[in-house]
Amino acid sequence: MPPYVIPDQCDGCQGEREPLCELVCPGNLMVIEEPTGKAVCRDVGDCWDCMTCTKYCPRQAIQTRIQYQLAFVPGKLVPVVGPHSVTWTLIDCHGHVERFIMRMLAGDEEEEDL
Amino acid sequence: MARERVYIDADVLIIGGGTAGCLAAWEARQSGGENLKIVILEKAFIRNSGALSAGMNALNMYVNQGKPEDLVAYIRYDVCGAPVREDILLGVAGLVNETVAMMEKEGLPIKKKADGSYLNRGKWNIEINGSLLKPITANMAMKARAKVYNRVYVTDLITVDGMVAGCVGFGVRDGKYYVARGKTVLVCAGGAAGLWRPRGQGDAHHRIWYYPFNTGGSYAMCKRAGAKMVGFDSRFVPVRTKDTYAATGTMSIGMWAPMINAEGEAFMREREEYVKLGGHTAPTPIRVLAYCREMQNNRGPCYMDTTKGDPQRVDGLKAQYLDISPILVLYWGCNDINPSREPVEIDAGNPSIIGAHAAFAGAWTLGTSRMTTVERLFVSGDALGAAPSRFISGSWSCGRLAGRGMAGHIKEKRPELLELDPAVLSDLERNIFAPLERYEKCSFFTSGDPVEGVFPNQMEWRMQHIMEEYCGGRSRWFYVNETNLGIARKLINRMRREQLQYLVAKDMHQLQLAWDVINRLDVCQLVIDHIDHRKETRYPGYVNRSDYPEADDANFDCFVTSLWDAKKDELTFGKEPYEQIIPGDRKAQTI
Ligand SMILES: Cc1cc2nc3c(=O)[nH]c(=O)nc-3n(C[C@H](O)[C@H](O)[C@H](O)COP(=O)(O)OP(=O)(O)OC[C@H]3O[C@@H](n4cnc5c(N)ncnc54)[C@H](O)[C@@H]3O)c2cc1C
Ligand code: SF4
Ligand code: SF4
């Protein structure tokens, strides 16, 4: 489910030293396009679907979409990362919603920002 | 125009900031002291790189019961009693529980039972919430004050008088030429994905089990540096969730869900031919073999029958997969699949070459030092051969032992940094950037394709096509014989020897892809020749030799090793004896 960027939501990470999706992608795939200043995955076929870019995007501009050869549209899986957990929302193709809260860090104390 | 150069000197030079590399940095600091200069060169961004980048939901090496010896006996059993480096595995198993406790303190959430002990998955695994596994792992390198260079792709080791002196590479983003020297050098750049054709096409080309950005650099670099290599006669065949190739341990070990065929038969438990090979808990290659046989006999599709699993755990299945393979959860959502109410279809994916999971590839190491046959050159994680099933927790521990080994080597032997020959550095530089230079000189078709060149992805597809057809890919059910191995060798060597001169890259990203192909082709050479050399079938399921279908203990109950002759571009083979440390039947578990 390679990442697709919603143009109205991506601001090219203005204010960050480097666009976050570009910073983190292990495959060096996310880049900012010249004329628009917005992010794009340069080759969706090279993406491993690790969802790191999607989790890091501060504006939730990245929608991970499953390859159509493998599954139907328009289901969605949306992660929202909090300080100690990720909240995942799965919306299937019929609009049924399921929510999951997954722990990320042990302990309750304030952890340094990972 | 002269390219900008970056020179780096280190005491401990680590190539690949992954599972093993980060903990090697940590341990080198603990045992090497405050002044040790530790450098990590990482192809991607260290906080999110490597096999852990999507997260994981279990640590597959942990001594939940019994002793480290029992765990090692289990590992031996799980690879059909094949020779394993018991000395190395015992050291890792002895350190693994302590390492896990340390990582829990560093923030890793480990699931607990009511009594506060770790929640086990089967005998040797524990369950975690590992979505931040890589950032937590990378933090250990930061805490050790390792100097990390992100987005530096290492292409080659440099040796001087038979000793490793350092390495060279290029900045994927800055385009600079990196030259690094180390008193000790650790290669831990993972295994090799993508040698065989993937099942998904086009935009699903990387929808494979193994992390596709580890492309065999570990093995190719060690081989080219003259290190003795081992274990390329095995390969890991992942039987995983169909289409998405997500791990299945969550279902098979985690909830005791059996594999079933189209007739609903739990074949591992019900068919005599598999029961006598171990049934539901048969060695990993045997379970692969059984799945393939069911399919070949047209009893597919096959499934993991979650409906027969532990109901409490089956209910939490989607949540568990969010920590390791969120794609599978979306796939279920988009295909109206409810895994708690219906069996989950499985398939065999393309093989990967690895050393820390259930396969054997890597460099041969001397005793438990982690040093290869090239002085000062160390390996860990997937780069270390003949010691399978270390997984995450074992790769952490293995990395720690490598860190100790390097710090110890520096203390005892007091190695000095070696002088590098400027002519050698210039040759390497030319070689590294050659695909870019060639592209500049090309003329182009109207499509934009170069007349005189071949792009990295085109070479990748050719390589995968050859390996798939002639080196026992999924479409051949992992069968090979001497004839098709000969064809594979001829075609792959032609690519390596004659065709690389056409490899072009139009930008730095493509240069990275170009080196991925170069390294993979070198690993193909190791794989083809090692498989051909082992004239027997020791790992049925992984490598089935139709011409030598049985194990041949008289000749091959040992480690088969190779050394690369650079002048002839040939491998010379040797053998290392297997030393059994843990007594008893190798094909049986001790507890
Ligand atoms: C899909 C999958 C699921 C798994 N599930 C589990 C599980 O549930 N439990 C478990 O215990 N184990 C599991 N494993 C096994 C475990 O993840 C590995 O055994 C372990 O992470 C290997 O560690 P490593 O350090 O060798 O590799 P990695 O952690 O991948 O590190 C390699 C590093 O080298 C870098 N690199 C690569 N090439 C270069 C280069 N040329 N130059 C510079 N840097 C480079 C990479 O970017 C990466 O950071 C799984 C593995 C996979 C792939
Ligand atoms: S999902 Fe992972 S591999 Fe794919 S573009 Fe995002 S960060 Fe890169
Ligand atoms: S992280 Fe999000 S907002 Fe920032 S550049 Fe990428 S897509 Fe745009």
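These figures come from a predicted structure and were not determined experimentally. (Residues numbered from 1 in each chain as written. Chains lettered and ligands numbered in written order. Predicted model: local features only at pLDDT ≥ 70, side-chain atom pairs only at ≥ 80, totals over all residues. Heavy atoms only, no water.)

When you go through chain B residue by residue, the secondary structure sums to 18 helices and 20 strands. Compactness check: chain B gives a C-alpha radius of gyration of 23 Å against a globular reference of 25 Å for 591 residues, within 12% of the reference. Here the C-alpha coordinates of chain B stretch approximately 65 × 60 × 50 Å along the principal axes. Per-residue burial for chain B yields a buried fraction of 66% across its 591 residues. For chain B, the share of sequence-separated contacts (at least 6 apart) that also reach a separation of at least 24 residues comes to 75%. Accessible area for chain B stands at about 20,200 Å²; split by element, carbon and sulfur atoms hold 49% of it. Averaging the locations of the 73 positively and 70 negatively charged side chains of chain B gives two centres separated by 2 Å. (Helix = DSSP H or I, 4+ residues; strand = E, 2+ residues; numbered from the N terminus. Rg over C-alpha atoms; globule rule 2.2 N^0.38 Å. Buried < 20%, exposed > 50% of the residue type's maximum accessible area, 1.4 Å probe, protein only. Contact = heavy atoms within 4.5 Å. Areas by Shrake-Rupley, 256 points an atom, 1.4 Å probe, with all protein chains shown as cover. Lys, Arg positive; Asp, Glu negative; His and termini not counted. Charge placed at Lys NZ, Arg CZ, Asp CG, Glu CD.)

Neighbouring residues of ligand 3: Cys10, Asp11, Gly12, Cys13, Pro19, Cys21, Ile32, Ala39, Cys57, Pro58 and Ile62 of chain A. Across the shell around ligand 3, the residue classes break down as nine nonpolar, one polar and one charged. (Near = heavy atom within 4 Å. Nonpolar A, V, L, I, M, F, W, Y, C, P; charged D, E, K, R; others polar.)

Interface extent is often summarised as the accessible area lost during association of the parts. All names here are of chain A. When cut into domains, chain A gives domain 1 (1–67) and domain 2 (72–114). Centre-to-centre separation of domain 1 and domain 2, based on C-alpha positions: 18 Å. Listed by partner, the interface residues are nine residues for domain 1 and 10 residues for domain 2. Carbon and sulfur atoms make up 64% of the area that domain 1 and domain 2 hide from each other, which totals about 720 Å². At the boundary of domain 1 with domain 2, the tally comes to zero salt bridges. Counting the contacts that link domain 1 with domain 2 gives zero residue pairs in polar contact (both at pLDDT 80 or more). Listing elements by their share of the side of domain 1 that touches domain 2, those giving two or more residues are helix H2 (52–56) and strand E4 (62–64). When residues of the side of domain 1 that touches domain 2 are assigned to their parent elements, the largest contribution, three residues, is made by H2. Within the side of domain 1 that touches domain 2, the residues separate by chemical class into three nonpolar, four polar and two charged. (Domains from an automatic or database assignment. Buried area = accessible area lost by both parts, 1.4 Å probe. Salt bridge = Lys/Arg side-chain N within 4 Å of Asp/Glu carboxyl O. Polar contact = N/O pair within 3.5 Å; in protein donor to acceptor, adjacent residues only side chain to side chain.)

At the interface, 48 residues of chain A touch 54 residues of chain B. When the two sides are added together, the surface that chain A and chain B hide from each other amounts to roughly 4,500 Å², 58% of it contributed by carbon and sulfur. At the boundary of chain A and chain B, one finds three salt bridges. Glu18 of chain A is paired through a salt bridge with Arg173 of chain B; the nearest N and O atoms lie 2.9 Å apart. Summed over the shared surface of chain A and chain B, the number is 23 residue pairs in polar contact (both at pLDDT 80 or more).

With that out of the way, let us pick up the environment of Asp78 of chain B. All names here are of chain B. For Asp78, the location among the structural elements is in helix H2 (residues 68–78). Taking relative accessible area as the criterion, Asp78 reaches 6% and is therefore assigned buried. For the pair Asp78 and Thr248, spaced 170 residues apart in the sequence, the C-alpha separation amounts to 16 Å. Excluding residues within four positions of it along the chain, Asp78 makes contact with Ala282, Pro283, Thr284, Pro285 and Arg287.

On to the nonpolar core. Residue and element names in this part refer to chain B. Core analysis: the largest hydrophobic core is formed by 225 residues, its most contacted members being Leu41, Leu157, Ile353 and Val527. The element contributing the most residues to this core is helix H17 (residues 508–533), with 13 residues. Filtering out sequence-adjacent residues up to four positions away, Leu157 remains in contact with Ile15, Val164, Gly166, Cys167, Val185, Val187, Met221, Cys222, Ala225 and Leu377. Membership of the second largest hydrophobic core comes to five residues, among which are Val230, Trp364, Phe559 and Tyr578. (Core = buried A, V, L, I, M, F, W, Y, C linked by side-chain atoms within 4.5 Å.)

Residue and element names in this part refer to chain B. The antiparallel open sheet is built from four strands, whose spatial order is E15-E10-E19-E20. Of all the strands in the sheet, just strand E15 (362–363) and strand E20 (570–577) have a single pairing partner and so form its edges. Note that strand E19 (residues 558–565) and E20 share eight bridges and pair antiparallel. What sits directly across from Cys558, in E20, is Pro577. (Pairing = 2+ DSSP bridges.)

On to the confidence of the model for chain A. It should be kept in mind that the predicted coordinates are not to be read in detail where pLDDT is low. Confidence in the prediction for chain A averages 92 pLDDT; 93% of positions are at 70 or higher. Note that pLDDT drops below 50 for residues 109–114 of chain A; the model gives that stretch 13 contacts with residues more than four away or on any other chain. (pLDDT = per-residue confidence, 0-100.)

Turning next to helix H3 (residues 86–105) of chain B. All names here are of chain B. If you check H3, its first and last C-alpha atoms are 29 Å apart, about what 20 residues at 1.5 Å a residue would give, namely 28 Å. The largest bend in H3 comes to about 40 degrees, at Val96. Glu86, Ile88, Leu89, Leu90, Val92, Ala93, Leu95, Val96, Thr99, Val100, Met102 and Met103 are the residues of H3 that are buried. Packing partners of the buried residues in H3 comprise helix H1 (19–32), strand E3 (56–59), H2, strand E5 (125–130), helix H4 (133–143) and helix H13 (391–413). Positive backbone phi, approximately 120 degrees, marks Gly107, located one or two places after H3. (Expected span 1.5 Å × (residues − 1). Bend = angle between axes of the 7 residues up to and from the residue.)

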